[in-house]
Amino acid sequence: MIEAQGLTKRYGDTTAVDNLSFSVEPGKITGFLGPNGAGKTTTMRLILGLDRPTSGTVTVDGRPFSEAARPMRQVGALLDAKAMHGGRSAYNHLLCLAQSNNLPKARVSEVLGLVGLTDVARKRAKGFSLGMGQRLGIAAALLGDPQILMFDEPVNGLDPEGILWIRNLMKALAAEGRTVFVSSHLMSEMENTADHLLVIGRGKLIADCTVAEFIAANSQLTVRVRTPQQDLLAKLVATAGGTVRENGDGTIVIAGLDPAQVGDLAYENSVRLHELAPLHASLEQAFMELTASSVQFRAGVPGGQDANGPAAGAPAGGESAEGDQVLVGEVL
Amino acid sequence: MAMTTTQIPMAGAGHASSAHIGTPTLAGVLRSEFTKIRSVRSTYWTLLVLVIVTVGFGALASFGATRGQHGPLFDATQRSLGGLYISQLVIGVLGVLVISSEYSTGMIRTTLTTLPRRGLMITAKALVFAVVAFVTGLITCFASFFLGQAIMSSHHIGVSLSDPNVLRAVLGGALFLTACGMLAFGLGLLLRHTAGAITTVVGLLFVVTVLVNFLPSSWQDHIDKWMPAMAGTQIWSTIPSQGQPAMFAPWTGFAVFCGYAAIALIAGVILFRKRDA
């Protein structure tokens, strides 16, 4: 159980984490979602005691992690696959970690087998691929057989097989009753793995709910229509209780009515339709709408200066919902 | 690559029964830090260079001594240990690297998330390095001494370990190297940056000593003996310095030198415990 109360971290004038209060509970995967620069890594560093909060507190099982009696038994963390000395072999890397916590030496070989690195155990980590480095980082996190696991962007840069492997691992760990806290800027990734979501933007908590609740609350079915009789249709839609927005490309987007209702409405009133298309708002889109104003680095805003208005190039209305893997931070 | 994990064994698997399993102790962290220092190549390279340079230069200096006439102030022990002037820097490089590589590689984040008690971690790291430096120093200084004396004995200017102050000077060489290493370790911990810390070590051990020469000579008498290199090197000479400016006695000088190392270390540790990692 991880609990944060009013957690705040400032670096000079920049507020990286702004008054966060949340709890991460055992037995499920809690997704920690937000665009790049939203404060996810900083929050994790605060939980682990790498950074000190400017104000507020964060505890792991009731006490600050820096006072943990058996740190590796309590928390296993993968912050960064490269957080190791490249000149050291995989085996020695894990051995020095195990020794510092008085964990049995046999455990090192066990976790190497668990992540499939037994064959390269004596090789120096320098020569490892990103995927292998990630596995070694996960092996380190699993060494102490901890109750809480924290992964910061674990699927970043992995191939599909590696992504699947990590997903299954996290699910298995949560199924064993452990606390799994995983960050990502990929909504689609969370859709597949997380049970619970914490969404942050600009260091602030935007949502704290289940994935299902998040979809229900934040996504809306819309219909795109092309018609030569826009004004007439708009009036009809408004009377029927829907809303209309001009799309700029000659089409309009209707919300509040489903495609069948729109089609029937047009047919009954002899409005000619040239196009009628349902737009499925995905979780990705909901996430982007929710965080659009909280993305820290935007194209066209030099030096990442703050601008609270709608971002240039930000997904303003959610036109195409097809892109399954939109990397929020990188797209902007 | 194919692997689906369904369970993480261990918790009950027999070996988790002992009470201290999972609890960091000084003994465990010392083992951990020793594994760290022995499992990277830079340690071996640096120590190898240290031994070769010290013994090699000492032999050369001893050979040079056989080519001249010497009065009563000739210090055969110090001559054979002359390589320490170079190897103080080599041990300094290792002292910096031992801690700065944690930062340059990012390992520090893993180290501190697996062992958040920073005081324990840094104490163990410093102790392990001090022991490695002292043992290497002992081997190096005795090898330099015996080789040097063997070279000089043919001209009957050599000394033996049982002569006055000689054993103290040879052991002192090892102590001096250890203190140099700890000074560098402290600076590495303060600066967390390899190049910056090494530059500072060179500055403290060499440059400030040279700069003192540009001061008025009446000042030099008061300042020179306080320079780290001047204070520290007294411990490995057997004959008190007679000239001007005056120097500290061997153990006093060494204590002054250790004082500098202690300042760097203490400041480093205080910051280490406070700063974001």
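Residues numbered from 1 in each chain as written. Chains lettered and ligands numbered in written order. Predicted model: local features only at pLDDT ≥ 70, side-chain atom pairs only at ≥ 80, totals over all residues.

Enquirer: Can you tell me about the overall build of chain A, naming the residues and giving the values?
Expert: Within chain A, the secondary structure is distributed over 12 helices and 13 strands. Within chain A, the fraction of its 332 residues that count as buried is 45%. (Helix = DSSP H or I, 4+ residues; strand = E, 2+ residues; numbered from the N terminus. Buried ≥ 20, exposed ≤ 12 C-beta atoms within 10 Å, placed from the backbone.)

Enquirer: Can you break down the overall build of chain B residue by residue, with the values?
Expert: What chain B contains, in helices and strands, is 11 helices and 0 strands. Ordering the α and β elements of chain B from the N terminus gives α-α-α-α-α-α-α-α-α-α-α. Seen through its C-alpha atoms, chain B measures out along the principal axes to roughly 80 × 45 × 35 Å. Per-residue burial for chain B yields a buried fraction of 45% across its 277 residues. Within chain B, contacts between residues separated by at least 24 positions form 78% of all contacts whose residues are at least 6 apart in sequence. (Contact = placed C-beta atoms within 7 Å.)

Enquirer: Quick one: what's the story with the confidence of the model for chain B, residue by residue and with numbers?
Expert: Residue and element names in this part refer to chain B. Of all residues in chain B, 93% have pLDDT values of 70 or greater, and the mean over the chain is 91. Per-element averaging of pLDDT across chain B places helix α9 (residues 217–223) at the bottom with 85 and helix α7 (residues 166–191) at the top with 98. Across residues 1–17 the pLDDT falls below 50, and counting only partners more than four positions away or on other chains, this stretch makes 23 contacts in the model. Predicted as a complex, the structure gets a pTM of 0.83 and an ipTM equal to 0.89. (pLDDT = per-residue confidence, 0-100.)

Enquirer: Go over the packing of helix α2 (residues 41–65) of chain B against helix α4 (residues 84–105) of chain B, please, and point to the residues and values.
Expert: Residue and element names in this part refer to chain B. Contact geometry for α2 and α4: axes closest at 8 Å, N-to-C directions at 170°. In terms of orientation, α2 and α4 fall into the roughly antiparallel class. Note on element contacts: α4 touches α2 through L84, I86, S87, V90, I91, V93, L94 and L97, opposite S42, T43, T46, V49, L50, V53, T54 and F57. Taken together, the residues of the contact of α2 with α4 break down into 11 nonpolar, 5 polar and no charged. (Axes fitted to C-alpha atoms, helices over the stretch in contact; angles between N-to-C directions. Parallel < 35°, antiparallel > 145°, perpendicular 65-115°, else oblique. Nonpolar A, V, L, I, M, F, W, Y, C, P; charged D, E, K, R; others polar.)

Enquirer: Just give me the short version of the interface of chain A and chain B, but keep the residues and values in it.
Expert: Frequently, the measure chosen for interface size is the accessible area removed from exposure when the parts meet. Taken together, the contact pairs 49 residues of chain A with 40 residues of chain B. For the side of chain A that touches chain B, the secondary structure elements donating two or more residues are α2 (71–74), α3 (90–100), α4 (106–114), α5 (130–142) and α6 (160–175) of chain A. Considering every element that reaches the side of chain A that touches chain B, the biggest residue donor is α3(A), with 6 residues. Across the side of chain A that touches chain B, the residue classes tally to 23 nonpolar, 14 polar and 12 charged.

Enquirer: Residue-level account of the environment of T123(B), with values.
Expert: Residue position: T123(B) is located in helix α6 (residues 118–153). Counting along the chain gives 93 residues from T123(B) to L30(B), while the straight-line C-alpha distance between them is 8.7 Å.

Enquirer: Provide a residue-level description of the packing of α3(A) against α4(A), including the pertinent values.
Expert: Packed helix pairs are characterised by how far apart their axes lie and by the angle those axes make with each other. All names here are of chain A. Following both chains from N to C, one finds α3 and α4 inclined at 130°, their axes separated by 9 Å at the closest point. It follows from the interaxial angle that α3 and α4 lie oblique. Note on packing geometry: the crossing formed by α3 with α4 is right-handed. From α3, A90, Y91, L94, L95 and A98 reach across to α4, where they touch R107, V108, V111 and L112. Of the residues that constitute the contact of α3 with α4, the class distribution is 8 nonpolar, no polar and 1 charged. (Left-handed = near helix turned anticlockwise from the far one by under 90°.)

Enquirer: Give me the lowdown on the nonpolar core, citing residues and values where you can.
Expert: One finds L94(A), A139(A), L143(A) and L183(B) to be the most contacted residues of the largest nonpolar core, which totals 138 residues. The greatest single-element share of this core, amounting to 16 residues, is contributed by α7(B). Counting 10 residues, the second largest nonpolar core, distinct from the first, contains V225(A), L233(A), V244(A) and I254(A). (Core = buried A, V, L, I, M, F, W, Y, C linked by C-beta atoms within 7 Å.)

Enquirer: Account for helix α11 (residues 250–274) of chain B, with residues named and values stated.
Expert: Residue and element names in this part refer to chain B. Here α11 contains 25 residues, and its C-alpha end-to-end distance of 36 Å stays within 8% of the 36 Å for a straight helix at 1.5 Å per residue. Three or more residues of α11 are buried, namely G253, F254, F257, C258, Y260, A261, A264, L265 and G268. Next to the buried residues of α11 lie α7 and α10 (228–233). (Expected span 1.5 Å × (residues − 1).)

Enquirer: An account of the environment of A61(B) is requested, with residue identities and associated values reported.
Expert: Residue and element names in this part refer to chain B. Tracing the chain through its elements places A61 in helix α2. When the 20 C-beta atoms within 10 Å are taken as the criterion, A61 is described as buried. Residues A61 and G243 lie 182 residues apart in sequence; the distance between their C-alpha atoms is 22 Å. Apart from residues no more than four positions distant in its own chain, A61 is found in contact with R79 and G82.

Enquirer: Report on the sheet that holds strand β5 (residues 75–78) of chain A, specifying residues and quantitative values.
Expert: Residue and element names in this part refer to chain A. Ordered in space as β5-β6-β7-β3-β8-β9, the 6 strands form an open sheet in which the pairing is mixed. Of all strands in the sheet, those with a lone pairing partner are β5 and β9 (204–210), marking the two edges. Neighbouring strand axes in the sheet, compared pairwise and without regard to direction, differ in orientation by 15° on average. Contacts from helix α8 (residues 211–218) reach β8 (196–201) and β9, with the element oriented near 110° to β9. (Pairing = 2+ DSSP bridges.)

Enquirer: Give a detailed account of helix α8 (residues 194–212) of chain B, specifying residues and quantitative values.
Expert: Residue and element names in this part refer to chain B. Along its 19 residues, α8 runs 27 Å from first to last C-alpha, staying within 8% of the 27 Å computed at 1.5 Å per residue. Considered for burial, the residues of α8 that qualify are A197, I198, T200, V201, L204 and L205. Buried residues in α8 make contact with α4, α7 and α10.

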